[in-house]
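Chains, contacts and geometry: an overview
Each chain, letter by letter, is given below.
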Amino acid sequence: MKEYKPKIVCFLCKWCTSAGADLAGTSRLKYPASILPIRVMCSSRIDPMFVVKAFLNGADGVFIGGCHPGDCHYHEGNYHTRRRFAMLTKVFDTLGLESKRLKLSWISASEGTKFAKVSNEYTEKIKSYGENPSKWNVFL
Amino acid sequence: MKRIGVFICHCGINIKGTVEVERLTEELAQYPGVAYIENYIFMCSEPGQKLIKDTIIEHKLDGVVVAACSPTLHETTFQDALEEMNINRHQLEVANIREQCSWVHDDIEEGTRKSSLIIKTALEKLKLNDSLTPISAPLTKRVLIIGGGIAGIQAALDIADGGYEVILVEKEPSIGGHMIQLSETFPTLDCSQCIMTPKMVAINKHKNIKLYANSEVESIEGFVGNFKVSIKRKPQYVDPDKCTICDDCTPVCPVVVPSEYDEGMSWRKAIYIPFPQSIPATFTIDTENCLGFNPIACTKCSDACEPDAIDYDKKPEYFEEEIGAVIVATGFDLYPVENMAEYGYGKYPDVLDGLQFERILSATGPTGGEMHRPSDGKVPKEIVFIQCSGSRDPERHLPYCSRICCMYTIKHAKLYKHKVHDGQPYIFYIDIRSGGKRYEEFVQQAVSEDGIVYFRGKVARIYKEADKMIVHGIDTLTSKKIEIKADMVVLAMAIVPNVSAAKVINNLKLNTDENGFLIEAHPKLRPVESLQSGFYLAGTAQGPKDIPDTVSQASAAAAKVLALLSNDEISHSPIVAIVNEELCSGCGICVSTCPYGARELDEIKKIATVNDVLCEGCGACITACPSSAAQQKNLTDEQIVNMIKIYSYL
């Protein structure tokens with residue numbers, strides 16, 4: 001049987017997590033190719049609708065990476081993200097989507113190791129859940 | 001539809017090793033919108049850029065995707081290439097297939113597939129990119145320098161000599177930093193004060209430098225070229241214009257406090273001048289220890305002051321200055337001996353740290369430059385120096401090398417020997433790192449001429465027995481236990497970022513590494529810039545370094561600032577928020593979301609507006625907008641959704 005390879009859409013803020021992901025690369029750390037990056041200026045740019053759309057279009061997991069609380073390049077963007085994320089997990093449950101497939105993590109520009117670690121662990125977790133069952137089954 | 005050219009870089013084998021570029025080229029040639037596709041060994045090279053430029057003309061391209069390294073490295077290189085061909089720089093997208101793909105994956109199949117997806121997202125984004133022109137904003141030709149140590153002083157003098165105004169903020173009552181505490185400096189044994197005080201005097205006299213001593217930066221608002229800084233000047237209680245520095249006040253002051261300048265090894269009064277060459281040369285009253293704030297308790301200094309310069313009722317003063325750039329030179333502290341159980345938690349008076357020993361060596365120090373130990377004033381005949389105290393010890397203390405300790409320990413041993421000819425210095429070391437110019441020669445000379453005994457190994461324990469400090473260690477070269485009955489021990493404590501500056505750095509949102517040192521924009525190629533535009537780094541705030549390196553870095557930061565200030569205007573990124581007037585209901589949520597005050601309500605039109613110059617382009621307001629009236633230029637909802645679709649579809 002062909003190995004199941006999940007698709008994980010990752011939104012990375014430019015200043016911390018994307019720079020951390022770059023550092024993971026420069027340090028030649030390894031993580032699965034399921035991690036698919038989209039760079040945004042700040043995690044607060046991530047509209048909860050993007051996450052829902054990713055799931056409805058077939059993503060198996062969505063990862064949001066931002067600066068540590070208190071360290072946001074734009075002062076308070078990650079606080080917006082944190083609240084939106086809390087709300088989003090509730091909305092997911094209401095819509096019948098699996099909120100356990102969502103992940104929010106704070107990874108700074110110096111934490112290449114953390115980026116690789118989170119990527120590895122999160123991919124393993126999504127693998128254990130298997131394919132996203134709500135794909136094509138929920139319509140908004 | 002745009003005619004897009006895709007250029008895939010091999011980066012030698014950095015990308016090609018994990019990504020089949022030929023197969024990728026064939027596959028993506030079929031993708032909608034791709035008018036031309038090519039791969040090449042080094043896209044960033046001159047021939048690589050020429051290939052892009054020639055192809056733009058030949059194939060009438062109006063957009064380019066370069067699949068290569070992280071956009072932080074070469075985005076501007078390729079944007080400039082496009083601009084040379086009269087194509088707007090925002091018609092370029094960089095697909096990061098190196099740092100976020102080829103370097104982190106081993107499997108060629110996987111790497112190729114992921115690269116293809118990353119390039120497709122870049123294509124989808126580019127298809128909807130608008131051509132934008134940078135927003136120009138005025139540039140304030142003044143600079144703020146935080147920290148008046150040697151780094152701040154050097155940068156201030158360089159910029160001021162270049163003809164621009166400098167605001168220098170120092171938290172202590174005098175500039176000078178740690179360098180003014182040093183005795184002599186390696187490898188030339190120049191007297192530290194002799195080479196430093198002329199620079200300090202120059203700061204005071206320079207017409208382009210405004211010095212705020214005893215002051216702190218409260219906040220910095222704005223963006224590169226247009227910052228507003230709030231400075232708090234703590235009260236000195238002594239009017240510098242009236243004070244004649246007659247020193248009638250200190251003899252009458254009844255309060256004695258350990259001197260910061262002498263690292264706690266001598267006393268000063270609650271009204272004091274930090275050291276004779278202080279700049280500004282003014283007395284200060286120490287708020288924490290002076291009794292005069294209760295007028296019933298004490299008014300002795302005020303009574304003794306003939307020019308009536310003392311005013312206990314002074315309050316902190318607040319200033320606002322407009323500046324265009326900031327140099328952060330907040331310096332270092334030593335890792336506290338109190339953290340080290342094995343060396344007695346700092347409770348033994350004859351176990352000193354490096355700075356305390358500098359004060360004992362210094363002619364202006366507590367012993368007037370003569371070698372006496374603090375506990376009983378005896379001349380130490382056997383002295384042990386311990387390098388890497390706290391450094392290079394990831395399990396218990398700090399993982400990094402503090403860079404200067406090998407050299408200053410050798411200098412200490414040498415200077416000690418110059419003062420106590422029959423004394424015996426021992427040095428415990430892990431490695432000797434003497435990488436600077438003339439450093440190795442200095443080490444060899446000290447070893448051969450001054451009879452210093454080196455032990456390769458660490459000290460496990462220090463304790464007191466009678467009037468001796470017993471040092472237990474091991475020489476790892478001979479595997480023998482060593483016990484020395486020393487009269488004095490000097491610990492070469494690790495360098496840590498200045499503790500009191502941490503709050504300021506956090507307020508400014510500057511990135512720091514796991515040890516608290518400031519992160520430079522690129523470790524090799526942009527070592528004096530912060531990723532935060534308009535902020536520059538100098539000295540030990542960025543990492544441990546010696547005086548020559550600190551001065552070089554300060555001058556480099558000054559050169560960067562001078563280059564910035566030589567422009568008449570500053571250009572601001574046009575990736576900002578826009579409002580669709582027809583959809584906006586004027587609810588004002590964006591106004592409360594914006595951290596920069598860039599969003600305002602237009603009272604007549606009843607809609608929200610964006611001040612382009614203030615907008616930093618974070619996108620928080622776009623997500624917050626309930627009617628989708630707000631969008632981010634070149635990163636619209638539609639663009640992001642199209643990118644998501646590439647990744648999520650089967």
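About the thresholds
- Residues numbered from 1 in each chain as written.
- Chains lettered and ligands numbered in written order.
- Predicted model: local features only at pLDDT ≥ 70, side-chain atom pairs only at ≥ 80, totals over all residues.
- Helix = DSSP H or I, 4+ residues; strand = E, 2+ residues; numbered from the N terminus.
- Buried ≥ 20, exposed ≤ 12 C-beta atoms within 10 Å, placed from the backbone.
- Contact = placed C-beta atoms within 7 Å.
- Rg over C-alpha atoms; globule rule 2.2 N^0.38 Å.
- Axes fitted to C-alpha atoms, helices over the stretch in contact; angles between N-to-C directions.
- Parallel < 35°, antiparallel > 145°, perpendicular 65-115°, else oblique.
- Nonpolar A, V, L, I, M, F, W, Y, C, P; charged D, E, K, R; others polar.
- Pairing = 2+ DSSP bridges.
- pLDDT = per-residue confidence, 0-100.
- Right-handed = clockwise from strand over helix to strand, strands pointing away.
- Expected span 1.5 Å × (residues − 1).
- Core = buried A, V, L, I, M, F, W, Y, C linked by C-beta atoms within 7 Å.
- Arc of directions from axis to C-beta.

A tally of regular secondary structure across chain B gives 17 helices and 34 strands. With respect to the three principal axes, the spread of C-alpha positions in chain B is 85 × 70 × 40 Å. Within chain B, the fraction of its 650 residues that count as buried is 47%. The contacts in chain B between residues at least 6 apart in sequence include a share of 69% that link residues at least 24 apart.

The next subject is the overall build of chain A. Counting its regular elements, chain A contains four helices and four strands. Ordered by position in the sequence, the α and β elements of chain A form the string β-α-β-α-β-α-β-α. Taking 2.2 N^0.38 as the reference for a compact globule, 140 residues should give roughly 14 Å; the C-alpha atoms of chain A span a radius of gyration of 15 Å, in line with that estimate. Based on the C-alpha atoms only, the size of chain A along its principal axes is roughly 40 × 35 × 15 Å. Within chain A, counting contacts between residues at least 6 apart in sequence, those at least 24 apart form 82% of the total.

Moving on, we come to the packing of helix H1 (residues 17–26) of chain A against helix H4 (residues 112–129) of chain A. Residue and element names in this part refer to chain A. Relative orientation of the contacting elements H1 and H4 amounts to 90 degrees, with a least axis distance of 7 Å. Classed by the angle they form, the pair H1 and H4 counts as roughly perpendicular. Residues Thr17, Gly20, Ala21, Leu23 and Ala24 of H1 form the contact with H4, whose participating residues are Gly112, Lys114, Phe115 and Ala116. Classifying every residue of the contact of H1 with H4 gives five nonpolar, three polar and one charged.

Right, let's talk about the interface of chain A and chain B for a bit. Listed by partner, the interface residues are 38 residues for chain A and 42 residues for chain B. Of all elements in the fold, only H1, strand E2 (35–40), helix H2 (48–56) and helix H3 (77–95) of chain A reach the threshold of two or more residues within the side of chain A that touches chain B. For the side of chain A that touches chain B, the element with the most residues is H1(A), which contributes five residues.

The subject of this paragraph is the sheet that holds strand E24 (residues 459–465) of chain B. All names here are of chain B. The strand order across the open sheet built from three strands is E24-E25-E26, with neighbouring strands paired in antiparallel fashion. Each edge of the open sheet carries a strand with a single partner, namely E24 and strand E26 (480–486). Across the sheet, the axes of successive neighbouring strands diverge by a mean angle of 20 degrees, strand direction being ignored. Sheet topology note: the strand E25 (residues 468–475)/E26 ladder contains seven bridges and is antiparallel. Bridge assignment links Ile470 to a residue of E26, and that residue is Lys485.

On average, residues of chain A carry a pLDDT of 91, and 95% of them reach 70 or more. Ranking the elements of chain A by mean pLDDT puts H2(A) last with 92 and strand E4 (residues 102–106) of chain A first with 97.

Across a regular strand the side chains alternate sides, sitting on one face of the sheet and then on the other. Residue and element names in this part refer to chain A. Counted residue by residue, strand E1 (residues 8–13) has six buried out of six residues, so it is predominantly covered. Neither face of E1 is exposed, since Ile8, Cys10 and Leu12 on one face and Val9, Phe11 and Cys13 on the opposite face are all buried. Summarising the sheet, E1 and E2 pair through six bridges and their orientation is parallel. Following the sheet pairing, Cys10 is matched in E2 by Pro37. On the question of chirality, the crossover connecting E1 to the parallel E2 by way of H1 is right-handed. With five bridges connecting them, E1 and strand E3 (residues 61–66) associate as parallel partners.

The next subject is helix H11 (residues 405–419) of chain B. Along its 15 residues, H11(B) runs 21 Å from first to last C-alpha, staying within 8% of the 21 Å computed at 1.5 Å per residue. Taking burial as the measure, the 15 residues of H11(B) include 13 buried ones, the bulk of the element.

Bringing the pairing of E4(A) into the picture now. All names here are of chain A. With five bridges connecting them, E3 and E4 associate as parallel partners. Opposite Gly66, over in E4, you have Trp106 as the bridge partner. Handedness of the crossover joining E3 and E4 through H3: right-handed.

For chain B, per-residue confidence averages 94 on the pLDDT scale, and residues scoring 70 or more make up 100% of the total. We note a pTM of 0.79 for the whole complex and an ipTM of 0.96 for its interfaces.

Side chains that are nonpolar tend, in soluble globular proteins, to be buried together. All names here are of chain B. In terms of nonpolar packing, the biggest core is built from 167 residues, with Val65, Val66, Ala67, Ala155, Ala156, Val326 and Ile327 touching the most fellow members. Contacts of Ala155, omitting those with residues within four sequence positions, involve Ile145, Ile327, Ala329, Ala538, Ala554, Ala557 and Ala558. Judged by nonpolar contacts, the second largest core, of 50 residues, contains Met371, Phe428, Ile452 and Ala486.

Residues and elements named next belong to chain B. One open sheet holds the four strands; their spatial order is E2-E1-E3-E4, and the pairing between them is parallel. Of all strands in the sheet, those bounded by a partner on one side alone are strand E2 (34–40) and strand E4 (92–96). With strand direction ignored, the average angle separating the axes of adjacent strands in the sheet is 15 degrees. Contacting strand E1 (4–9), E2 and strand E3 (63–68), helix H2 (residues 46–58) runs over the sheet at an angle of about 160 degrees to E2.

So, about H2(B). All names here are of chain B. Compared with an ideal rise of 1.5 Å per residue, which puts 13 residues at 18 Å, H2 spans 18 Å between its outermost C-alpha atoms and is within 8% of the ideal. When we look at burial in H2, the residues that qualify are Gly48, Gln49, Ile52 and Ile56. Mapping the buried residues of H2 onto a view down its axis gives an arc of 100 degrees, with all of them on the same face. Counted as exposed and oriented over 90 degrees from the buried face of H2: Glu46, Pro47, Lys50, Asp54, Ile57 and Glu58. For H2, the elements touching its buried residues are E1, E2, E3 and helix H3 (71–84).

Excluding glycine, residues mostly have negative phi values, and the peptide bonds linking residues are mostly trans. Each neighbour pair has its own omega, and for Phe186(B) with Pro187(B) the value is -5 degrees, a cis peptide bond. Here Pro187(B) lies in the loop between strand E8 (184–185) and strand E9 (190–191). The omega torsion of the bond from Ile279(B) to Pro280(B) falls at -5 degrees, within 30 degrees of zero and hence cis. Relative to the helices and strands, Pro280(B) resides in the loop between strand E15 (271–272) and strand E16 (284–285). Here the phi dihedral of His75(A) falls at roughly 70 degrees; this positive angle occurs in a residue that is not glycine.

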